[in-house]
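Summary of structural features
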Amino acid sequence: MRALTCAFEQATVPPSQFPHSAHIAVALNYLVEEKPEAALARMRCALLHFSHVHRVNVYHETVTQFWMKLLHHLASTHYRELPLWRRVNLIVQRWAVADPLHAHYSRGVLGSRMAREGWVAPDKLPLPF
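Residues numbered from 1 in each chain as written. Predicted model: local features only at pLDDT ≥ 70, side-chain atom pairs only at ≥ 80, totals over all residues. Heavy atoms only, no water.

1. Remarks on the environment of Tyr-105
- Position of Tyr-105 relative to the elements: it lies in the loop between α6 (100-104) and α7 (107-110).
- Tyr-105 sits in the buried class, given a relative accessible area of 0%.
- In this structure, the C-alpha to C-alpha distance between Tyr-105 and Arg-80, residues 25 residues apart in sequence, is 27 Å.
- Excluding anything up to four places from it in sequence, Tyr-105 contacts Thr-62, Phe-66, Leu-110, Trp-119, Val-120, Ala-121, Pro-122, Asp-123 and Lys-124.
- There is a polar contact of 2.6 Å between the side chain of Tyr-105 and the backbone oxygen of Val-120. (Helix = DSSP H or I, 4+ residues; strand = E, 2+ residues; numbered from the N terminus. Buried < 20%, exposed > 50% of the residue type's maximum accessible area, 1.4 Å probe, protein only. Contact = heavy atoms within 4.5 Å. Polar contact = N/O pair within 3.5 Å; in protein donor to acceptor, adjacent residues only side chain to side chain.)

2. Points about the nonpolar core
- Counting residues in hydrophobic clusters, the biggest one holds 40 residues, and the most contacted among them are Phe-8, Leu-28, Met-43, Leu-71 and Ile-91.
- Among the elements of the structure, α1 (2-9), α2 (20-33), α3 (36-54), α4 (61-76), α5 (84-95) and α7 are those that each provide at least two residues to this core.
- Sort the elements by how many residues they give to this core and α2 lands first, with 8 residues.
- For Leu-71, the residues in contact, after removing those within four places along its chain, are Ile-24, Ala-27, Leu-28, Leu-31 and Ile-91. (Core = buried A, V, L, I, M, F, W, Y, C linked by side-chain atoms within 4.5 Å.)

Below is the structure:
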């Protein structure tokens, strides 16, 4: 986990080799090491750095906060007793292929500049966590 996190933070891994499941793994690692607010700040900083180094515009504040909130909820409730590696595997298996984001947000809201640059509350279904 440490090698993956370092590669992400140092942006030594290309975007094509860093899928959504890898983002989830890094986020869960941050949530183990930090309080939720600090983990979010660390993820934000790493994503912005990664985007800058690779010259890709992948940062989206609402999406980042949504996933960090969801992952914190999952890791601290359903999977809290499991070791990190097992937690990552189970959450990735269940949630990396699911589309929880679009259950809560319309495409219009997610596509907005406001949602990209700052937190926007869900417009379809409130967050239960």
